[in-house]
Amino acid sequence: SRYSRLAMIVVVLALSCQAFAQSSDLRAAIESAVAQVRPALVRIHVVEAYYQEGREMKYEASGSGAVITPEGHIITNHHVAGHAKRMMCTFSDKTEVEAVLVGTDPLTDIAVIKLVNDTGKVYPVARFGDSTAAQVGDSVLAMGCPLSLSQSVTLGIVSNTEMIQPQWMQKWGGFELDGEDVGALVKWIGHDAAIYPGNSGGPLVNMAGEIIGINELDMGLSGAIPGNLAKDVS
């Protein structure tokens, strides 16, 4: 009848308005979270040295990190900075600052570097949240510099709060760094926000703009070292 069709139209319009409101709320939350972390996000350009047939060979790579102290300490992955001979960090405003390695832990794949800060500059920081509070279905942002590009962000949801190393990886030697079996200790936060080479070391961020993980690997599903573990190690 005409009245039933009118009622259906009203329902559809109401659902559309609700969906639009939810979309607007999510966009606002994303913008707020990004604004809190982006000033502290850096691209890390790394020069490593290794020896082959008695000759020193140079290797260039890049990763991501976030400033976690006003003095300029940056958290990233061991596999990004653990063997660096020289590092240059680039902020979103294109400012470049050299950094040095402070400490590194291959077992958890966490490293801390520090910006060379002769002037006593106070840097913007990204703050940690409680990674144990993350739940499956939570919206998260993977922030970093994929493929050595400028800072970027991808959106996803938490898929698994205790993702462990799959059996097929163990058959091929597992996830080993400098003789340490990372998968023996780390239970990753699995999420579907896209990450690429260069995202390593970048923060996984919740909608409150807090670091809840350090992105490390992509197995089809992305994996982040839980923020509480990374904070304790750093």
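For the structure itself, look to the data block above.
Residues numbered from 1 in each chain as written. Predicted model: local features only at pLDDT ≥ 70, side-chain atom pairs only at ≥ 80, totals over all residues. Heavy atoms only, no water.

Asker: I would appreciate a short explanation of unusual backbone geometry in the present structure.
Answerer: Negative phi values dominate among residues other than glycine, just as trans dominates among peptide bonds. One non-glycine residue with positive phi stands out, namely Lys-94, at about 75 degrees. Among the secondary structure elements, Lys-94 is positioned in the loop between strand 4 (84-90) and strand 5 (96-105). At Asp-109, a position not held by glycine, the phi torsion is positive, near 60 degrees. Mapped onto the fold, Asp-109 is located in the loop between strand 5 and strand 6 (110-115). (Helix = DSSP H or I, 4+ residues; strand = E, 2+ residues; numbered from the N terminus.)

Asker: How should I be thinking about the sheet that holds strand 13 (residues 211-218) in this particular structure?
Answerer: Whether parallel or antiparallel, the strands of a sheet pair through hydrogen bonds between backbone atoms. Taken in spatial order, the six strands close into a barrel running 7-8-11-14-13-12, and their pairing is antiparallel. Taken over all neighbouring pairs, the strand axes of this sheet differ in orientation by 45 degrees on average, direction set aside. Taken together, the five bridges between strand 13 and strand 14 (residues 222-226) define a ladder with antiparallel strand orientation. Among the inter-strand pairings, Gly-213 is bridged to a residue of strand 14, identified as Pro-226. (Pairing = 2+ DSSP bridges. Axes fitted to C-alpha atoms, helices over the stretch in contact; angles between N-to-C directions.)

Asker: What's the story with the pattern of salt bridges in this structure? I'm lost.
Answerer: Where charged atoms of side chains with opposite charge meet at close range, the side chains can pair. Enumeration according to the criterion identifies three salt bridges in this entry. The residue Glu-31 makes a salt bridge to Arg-27 at a minimum N-O spacing of 3.2 Å. Taken together, the residues Glu-31 and Arg-27, both in helix 1 (residues 2-37) and four residues apart, mark about one turn of the helix. A salt bridge links Arg-127 to Glu-210; its shortest N-O distance comes to 3.8 Å. With Arg-127 in the loop between strand 6 and strand 7 (139-144) and Glu-210 in the loop between strand 12 (203-206) and strand 13, this residue pair connects regions lying 83 residues apart in the sequence. (Salt bridge = Lys/Arg side-chain N within 4 Å of Asp/Glu carboxyl O.)

Asker: What exactly am I supposed to notice about the nonpolar core here?
Answerer: Note that soluble globular proteins tend to have their nonpolar side chains buried in a common cluster. Residues Ile-44, Val-67, Ile-74, Met-87, Cys-89, Ile-113 and Leu-115 are the most contacted members of the largest nonpolar core, which totals 41 residues. Not counting chain neighbours up to four residues away, the residues in contact with Cys-89 comprise Val-42, Arg-43, Ile-44, Ile-74, Thr-95, Glu-96, Val-97, Ala-99, Ile-113 and Leu-115. (Core = buried A, V, L, I, M, F, W, Y, C linked by side-chain atoms within 4.5 Å. Buried < 20%, exposed > 50% of the residue type's maximum accessible area, 1.4 Å probe, protein only. Contact = heavy atoms within 4.5 Å.)

Asker: Would you explain the environment of Asn-117 in this entry?
Answerer: Inspection of the secondary structure puts Asn-117 in the loop between strand 6 and strand 7. For Asn-117, a relative accessible area of 17% corresponds to the buried category. Remark: the alpha-carbon pair of Asn-117 and Ala-99, spanning 18 residues in sequence, is separated by 8.8 Å. Dropping the residues within four chain positions of it, Asn-117 is found in contact with Glu-71 and Tyr-123. Side-chain polar atoms of Asn-117 contact the backbone oxygen of Lys-121, separated by 2.8 Å. (Polar contact = N/O pair within 3.5 Å; in protein donor to acceptor, adjacent residues only side chain to side chain.)

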